[in-house]
Amino acid sequence: MLKIDHLSTSYRTIDGKVHVVNNLDFTIRDNEIFGIAGESGCGKSTLLKAIYDIVEFPLEIDSGRVILSGEKDGRPFSCESGEIRKTWWNHISYIPQAAQSVLNPITRLKAQFLDSVPEKIRERESDQHILRQVGQYLEELDLSPDLLNAFPFQLSGGMRQRVIIALATFLSPNVVLADEPTTALDVVVQRGILMMLMRLQKQLKNTIVLVSHDMGVHYQVTGRMAIMYSGSFVELGKTEDIFRSPIHPYTTMLIGALPRVGDRGQKIGIPGQPPALTDPPSGCRFAPRCPEATERCRCEVPAFREVKPGRFVACHM
Amino acid sequence: MGQTFLELKGVTKIFRIGGILRGKKLVAVDNVSLAMDSDEPTILSVVGESGCGKSTLCRMILRMYKPDEGDIVLDGHSYSNPKEYNPRQFRMEVQPIFQNPYESFSARKKVDTYLFNTALRLGIAKDHREAEQRIDETLRSVGMSLPSVRDKYPTQFSGGELQRISIARALITRPKLIVADEPVAAIDASMKMNIVNLFRQLKDQYHVSFLYITHDLSTAYYVSDFIATLYRGCLVEYGPAREIMEDPAHPYTELLMNAVPRVGDKWKEEMAMPDTEDKEYALSACKFAPRCPYATEECREKQPEMTNPGKSRKVACWHPLIS
Ligand SMILES: Nc1ncnc2c1ncn2[C@@H]1O[C@H](COP(=O)(O)OP(=O)(O)OP(=O)(O)O)[C@@H](O)[C@H]1O
Ligand SMILES: Nc1ncnc2c1ncn2[C@@H]1O[C@H](COP(=O)(O)OP(=O)(O)OP(=O)(O)O)[C@@H](O)[C@H]1O
Ligand SMILES: [Mg+2]
Ligand SMILES: [Mg+2]
């Protein structure tokens, strides 16, 4: 289980602090695919970095913490921000945004993989042994073990992403964080990769946190999801419910803007721009773009509250 | 049907990779024939997986690459005849928009200098005042204005804003054709809709046609009049957007449509997604045969000819899904 406990983070810049994640408080359960959607720049990647404990200059945690707990190989564990690093790969792993280009193109995959295996395991087992196991695991996923001898530049973007996912799940971590894992890929490859993620989750019964700005991907893959806007969540609930009856006007407009095959009717994007994070409006941050905004919305920040069991919304209406 | 505005006649582009002696030939665009009518402005989308030759096709239409075989005819002027080629005229009529708006503008140059350069160098405006007027008018048609753009650098705009500015830059010459290579790939869903809606609006307002290259099939369906599906450099299907996407004739178009993550229509658990990795394929066969669920002996032996099911459609398949 991942508990995000009143977490706020900011970036230190020359113009002062930019608050990017604001007082987020929610829980991601065991055995689920949890989605996070929102416009570019709303803070999705920042949130994942904070969860994964890569809090390095200029990013810092202003308040709150992340607690990762669960059970692995029959042993319960619990750790929080600052300690989560020590459980990388074992309890939690991370597929960064544009991971395909993060790999060093001129180093063989096996060397890059061994570099990322936790010290403890490398002390205990020989590299040969580890690589043999990885090879077997790749085979289980219908990938060729020969891939380990390849250089990343020899593989297509889709194949690289599959290998990255395989490596990220090799030690069966309790939580896998995936930041836009299919954004740069074409639809057929995207579908293959999303199916692979779903299959893995079913097998491992672990937690996948999937960040994507493609609402169609969330609909297909996630069980619960959150909609993020300008550093905060505006809505959270079962994916099905959110699509069937969105409550927050931002969610409604986001879903309404999606083009669908079979319907050529006019769709309108959300007018206006998200607010600058350096100078956010006082009340609800969506108010300047919201068709239903009232005076209250412009002065008072709406609380993120549970409006129905399991359904959270931050809106005065 | 009236006159053709843009015609591709058996266009082929071959890249040689590796050394001259041991190098391999890669047919990036393979004998593609297509036409756009001039009666009414149209939006033609070119779809297909990564590496299928979409950008190469664009670059040939933009005269950045010369076709190795075949010819392109724009408004009656053949590309292969140098006498008919007037670079200034060409730049007035055909304008590109690229995928990443941050690459279209240098980070150290003010954005408006590009706009003024286009207006003044091509002689569209006589003087600075006239240029200002033209630029402001064009920026307003994309929802911006000269005062909001003046003296600013690219990093001071969001991706969506900058893409709208690059569309405005393309419009300054009042082109007849805009070639947009993945113009919304780097932009989020809501802004995507704003941009494709803008294409629709500009098509009517300025009578400009669009060649819209994209991975995104739902926006292609939404915005385009016609669709062309490319597979490994070959044109495999062409026709009116609605017909093609609601009722594909080529199994590859069907595969693409099935892969779209649609809202309201959940993927079946284990529907086979034929893999996309390179497999050797016989040169003489249908290139899609190794991945095609309907392939027969015939498909593995001979390349299918282009046929015309229905009135306005074309498909290159031995067993089209519609008759
Ligand atoms: N190193 C940094 N220093 C200062 N500001 C930053 C830094 N990294 C990100 N930001 C700012 O934080 C905000 C959120 O960025 P983040 O990368 O989390 O967004 P995102 O939701 O992942 O967007 P995208 O969908 O484009 O990936 C943005 O406004 C961004 O400019
Ligand atoms: N200048 C070049 N030299 C050699 N090969 C090239 C060159 N440009 C493209 N190719 C190859 O030609 C094929 C078609 O490439 P192209 O860029 O046209 O595909 P695309 O459909 O635009 O793909 P994407 O969707 O990834 O942008 C690819 O196999 C590519 O590697
Ligand atoms: Mg991000
Ligand atoms: Mg391309």
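For clarity, every value in this text was computed on a predicted model and none was experimentally measured. Residue indices begin from 1 for each chain and proceed along its sequence in written order. Each chain takes a letter, starting from A, and each ligand takes a number, starting from 1, following the order in which they are written. In keeping with the predicted nature of the model, local features appear solely for residues at pLDDT of at least 70, side-chain atom pairs appear and are counted solely at 80 or more, and the whole-chain, interface and lining totals rest on all residues. Side-chain numbers here rest on the full set of heavy atoms in the structure, without hydrogens or water.

K.L.:
Can you lay out the interface of chain B and chain A for me, pointing to particular residues and giving the numbers?
P.N.:
Counting residues at the interface gives 48 residues for chain B, matched by 38 residues for chain A. Buried surface area refers to the total accessible area, computed with a probe of radius 1.4 Å, that the two partners give up upon joining, counted for both partners together. Overall, the association of chain B and chain A removes approximately 3800 Å² of surface from exposure, summing both partners, and the carbon and sulfur fraction of that is 58%. N or O atoms within 3.5 Å of each other form a polar contact, as long as, within protein, one can give a hydrogen and the other can take it, and as long as residues adjacent in sequence are counted only when both atoms are side-chain atoms. The interface formed by chain B and chain A includes 16 residue pairs in polar contact (both at pLDDT 80 or more). Listed by contribution, the elements that provide at least two residues to the side of chain B that touches chain A are α7 (159-171), α8 (189-206), α9 (217-223), α10 (241-246) and α11 (251-259) of chain B. Think of it this way: any DSSP run of H or I at least four residues long counts as a helix, any run of E at least two long counts as a strand, and we number them from the N terminus. The element best represented in the side of chain B that touches chain A is α8(B), accounting for seven residues. Classification convention: Asp, Glu, Lys, Arg as charged; Ala, Val, Leu, Ile, Met, Phe, Trp, Tyr, Cys, Pro as nonpolar; all other residues, Gly among them, as polar. For the side of chain B that touches chain A, a count of residues per class yields 21 nonpolar, twelve polar and 15 charged. By definition in these notes, contact holds between two residues if any of their heavy atoms fall within 4.5 Å.

K.L.:
Summarise the site of ligand 2; cite the residues concerned and give the values.
P.N.:
Residue and element names in this part refer to chain B. In the region of ligand 2, 15 residues are neighbours, and Ser50, Gly51, Lys54, Ser55 and Thr56 sit closest. At 3.0 Å from an oxygen atom of ligand 2 is found a main-chain nitrogen or oxygen belonging to Gly53. Note that an oxygen atom of ligand 2 is positioned 2.5 Å from one of the side-chain N or O atoms of Thr56. For ligand 2, whose unbound accessible area comes to 630 Å², protein coverage reaches 65%. Contributing elements (two or more residues each) for the shell around ligand 2: β1 (4-17), β2 (24-37) and α1 (54-61). In the shell around ligand 2, the residues fall into six nonpolar, six polar and three charged. Whether a residue is near a molecule or strand depends on its heavy atoms: it is near if one of them lies within 4 Å of it. Only the protein chains shown count as cover for residues, and the accessible areas themselves come from Shrake-Rupley with a 1.4 Å probe.

K.L.:
Go over the coordination of the magnesium ion (ligand 3), please, and point to the residues and values.
P.N.:
All names here are of chain A. Nitrogen, oxygen and sulfur within 2.8 Å of a metal are treated as its donors, or within 3.2 Å for sodium, potassium and calcium (Na, K, Ca); water is not counted, so a site can appear incomplete. Distances from the magnesium ion (ligand 3) to its protein donors, Ser45 (OG) and Gln97 (OE1), fall within 2.0 to 2.2 Å. Of the two residues, Ser45 is situated in helix α1 (residues 44-52) and Gln97 in the loop between β6 (92-95) and α2 (99-102); the sequence distance between them amounts to 52 residues. We classify Ser45 as buried; its relative accessible area is 18%. Assessed through its relative accessible area of 42%, Gln97 is described here as partly exposed. Exposure categories follow from relative accessible area, calculated using a 1.4 Å probe and restricted to protein chains: below 20% of the type maximum is buried, above 50% is exposed, and the middle band is partly exposed.

K.L.:
Go over the sheet that holds strand β12 (residues 311-313) of chain A with me, naming the residues and quoting the values.
P.N.:
Residue and element names in this part refer to chain A. One bridge is not enough; two strands pair if DSSP finds at least two bridges between them. Across the sheet, eight strands lie side by side as β6-β7-β8-β3-β9-β10-β12-β11; this open sheet has mixed pairing. Bordering the open sheet on either side are β6 and β11 (305-308), each of which pairs with just one other strand. Across this sheet, the average inter-strand angle for adjacent strands is 20 degrees, counted without regard to direction. By the bridge criterion, five bridges tie strand β7 (residues 175-179) to strand β8 (residues 207-211) in an arrangement that is parallel. Paired with Val175 across the bridge in β8 is Thr207. The sheet contacts of helix α6 (residues 157-169) involve β6 and β7, and relative to β6 the element is tilted by about 165 degrees. Every angle, taken between N-to-C directions, lies between 0 and 180 degrees, and every axis is a line fitted to C-alpha atoms, over only the stretch in contact when it is a helix.

K.L.:
Requested: an account of the sheet that holds β2(B), with residues and values cited.
P.N.:
Residue and element names in this part refer to chain B. Spatially, β2-β1-β4-β5 is the arrangement adopted by the four strands of the open sheet, whose pairing is antiparallel. With one partner strand each, in any of the chains shown, β2 and β5 (77-78) form the two edges of the open sheet. With five bridges joining them, β1 and strand β4 (residues 69-74) adopt antiparallel strand pairing. Across the sheet, the residue bridging to Leu8 is Ile72, located in β4.

K.L.:
Report on the site of ligand 1, specifying residues and quantitative values.
P.N.:
Residues and elements named next belong to chain A. The environment of ligand 1 is made up of 14 residues, and the closest members are Ser40, Gly41, Lys44, Ser45 and Thr46. Here a nitrogen atom of ligand 1 sits 3.4 Å away from a polar atom, N or O, in the side chain of Tyr11. In this structure, Gly43 approaches ligand 1 through a main-chain N or O atom, which is 3.0 Å from an oxygen atom. Relative to its unbound accessible area of 630 Å², ligand 1 is 66% covered by the protein chains. Of all the secondary structure elements, the ones that give two or more residues to the shell around ligand 1 are β1 (2-13) and α1. Counting residues per element, the shell around ligand 1 draws most heavily on α1, which supplies three residues. When grouped by side-chain class, the residues that make up the shell around ligand 1 number five nonpolar, seven polar and two charged.

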